[in-house]
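Each chain, letter by letter, is given below.
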Amino acid sequence: MDEYHQMWADLGMNLEAHDGLLAVLPPLFEQVYLSQEGRPARMSYFDMVFSEIHGMRIKELVNHKKAGGTVVGCYCTYVPEELILASGGIAVGLCGGADVAPEEAAKYLPANTCALIKSALGFKLAGVCPYYESCDLLVGETTCDGKKKFYEILSDFADVYVMELPQKKNERDRKLWREEVGDLQARLEELSGKPIEAGELKKAIKVVNDKRRALLRLAGLRKTNPSVISGRDALLINQIAFNDDPRRLAVKVNELCAELEKRAAKGDSIGGATSPRILLAGCPMAIPNWKVANVIETSGAVVAMDEICTGLRYFNHLVDEGSGSVDEMLDSIAESYLDIDCAVFTPNDERVENILSLVDDYAIDGVVYAALQSCDPYTVEAYKVGKALEAKGVPMLYVETDYSDDSGQIATRVQAFLEMIR
Ligand code: BJ8
């Protein structure tokens, strides 16, 4: 990583604080990832990307900017990546998964703000995230109240554009969202200084769909029982998908899937045939937040599937590739993204139904619902999810956490839950 110091300095980062952050990550990765037995060989690509997370990919972003391209930061799966790509941009995810500069963030945010928002602000204030420092524009969205207000604060430090996401999915909400997608197109055109061409948008839709198809193939392989890949590995891949080159990521995920298909055919698995199969539900888990998945899997179960934004919710919707004009393609993009079932919507029965379907499709024995403290949408929606699961006879463990090290307490509860399932 020494070779990248000049690049980080040129980005205006706080090198001392950044060195401190980089020192913490490898031992954590070793403990959570490299200690797993029987990992698929093709995970080596994703391990490499993680080890180069502030190096290789940032160099690509810098080169892209030198060649006249833009970098656009996002915090939510509702921001259409296709539009950013078609405008000559690269989309990067900026959600934070670790407590960084909490004292600094506390100067701006109340204590009862979710850890993800505090972390996202902390990374910016501390100057330790090269993705942030590479961005020409940050695109926020009116999802939860905490994020809405966070973007107002963030605009003191960066160029921020906020999309208005409706809270319902009626006809007038769809109309509003379609207009918002058009407004984002205009903002991105202003940023790049050129109009988004139909040919570029069509290509971008295909590129992002190919990434989704690869991730859906991987998701399909997680139905294999006993499992051929750990939930931790799947989580890492999905986290990396937010920032890696989408074309390369699709190739690497497909190569991994080919290996997993062979494993499945030979009956090779991770864990054991008797490991309880868990569905992980709730709030997004940004890098390096692997805590709950790690606790579940080191307690003898397997995270067979998830329904989180750093998981299925990110790639479970393809955009129609048949449309012709830019306007028609924007219609398809708007429609497809509004299918995402985030808890910020009301009513949100589709999320409950989707969870029930996943339980059947993935032969789930129990659900671990992991919500971040102070996240109203997901903590409150846990009631409806729990009620529906109870009616179906599926046990659910509700875990409320943040980014502190409470693994010990969570492990005690997870182990008791697994005992009950067994
Ligand atoms: S589509 S989950 S990425 S909004 S955890 S900041 S909701 S208080 S992140 Fe999200 Fe988009 Fe929905 Fe996904 Fe607020 Fe909750 Fe914090 Fe959250």
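Anyway, here's the lowdown on the structure attached to this text. Here the structure is a predicted model, which is why all the values come from computation and not from measurement.

### Topic: the environment of Phe 157
Part 1 of the argument: Note on placement: Phe 157 falls in the loop between α9 (145-154) and β4 (160-163).
Part 2 of the argument: Distance from Phe 157 to Trp 290, taken between C-alpha atoms, is 29 Å for residues 133 residues apart in sequence.
Part 3 of the argument: Not counting the four nearest positions on each side in its chain, Phe 157 is found in contact with Tyr 108, Lys 124 and Leu 125.

### What about the site of the ligand?
Part 1 of the argument: Around the ligand, the surrounding shell holds 16 residues, and the nearest of these are Cys 76, Cys 144, Cys 309, Cys 342 and Cys 375.
Part 2 of the argument: The class makeup of the residues in the shell around the ligand is 13 nonpolar, two polar and one charged.

### Examining the layout of surface pockets
Empty space among the atoms becomes apparent when a probe as large as a water molecule is rolled across them.
Part 1 of the argument: By volume, the second largest pocket amounts to about 570 Å³.
Part 2 of the argument: For the second largest pocket, the lining is made up of 26 residues, of which Leu 28, Gly 97, Ala 98, Pro 288 and Tyr 403 are closest to its centre.
Part 3 of the argument: Among the elements that line the lining of the second largest pocket, the one with the most residues is helix α2 (residues 15-34), at seven residues.
Part 4 of the argument: Taken together, the residues that form the lining of the second largest pocket break down as 16 nonpolar, six polar and four charged.

### Focus on the pattern of salt bridges
Part 1 of the argument: For the structure shown, the criterion picks out 37 salt bridges.
Part 2 of the argument: Where Asp 210 meets Lys 206, a salt bridge forms, and the shortest distance between an N and an O atom there is 2.7 Å. With a gap of four residues between them, Asp 210 and Lys 206 both fall in helix α11 (residues 198-221), about one helical turn apart.
Part 3 of the argument: We classify Lys 206 as partly exposed; its relative accessible area is 40%.
Part 4 of the argument: A network of salt bridges, in which partner residues are shared, links Glu 307, Arg 313, Asp 341, Arg 351 and Glu 381.

### Looking at the sheet that holds strand β1 (residues 70-74)
Part 1 of the argument: Ordered by their spatial adjacency, four strands build an open sheet running β2-β1-β3-β4, and the pairing between neighbours is parallel. Lying at the two open borders of the sheet, with one neighbouring strand each, are β2 (89-93) and β4. When the angles between neighbouring strand axes are averaged without regard to direction, this sheet yields 30°.
Part 2 of the argument: With three bridges joining them, β1 and strand β3 (residues 137-141) adopt parallel strand pairing.

Rules used throughout
- Residues numbered from 1 in each chain as written.
- Predicted model: local features only at pLDDT ≥ 70, side-chain atom pairs only at ≥ 80, totals over all residues.
- Heavy atoms only, no water.
- Helix = DSSP H or I, 4+ residues; strand = E, 2+ residues; numbered from the N terminus.
- Contact = heavy atoms within 4.5 Å.
- Near = heavy atom within 4 Å.
- Nonpolar A, V, L, I, M, F, W, Y, C, P; charged D, E, K, R; others polar.
- 1 Å grid on protein atoms, 1.4 Å probe; cavity = no way out; pocket = protein on both sides within 12 Å on 5 of 7 lines; lining within 4 Å.
- Points joined across faces, edges and corners; volume = space filled by probe spheres on them.
- Salt bridge = Lys/Arg side-chain N within 4 Å of Asp/Glu carboxyl O.
- Buried < 20%, exposed > 50% of the residue type's maximum accessible area, 1.4 Å probe, protein only.
- Pairing = 2+ DSSP bridges.
- Axes fitted to C-alpha atoms, helices over the stretch in contact; angles between N-to-C directions.

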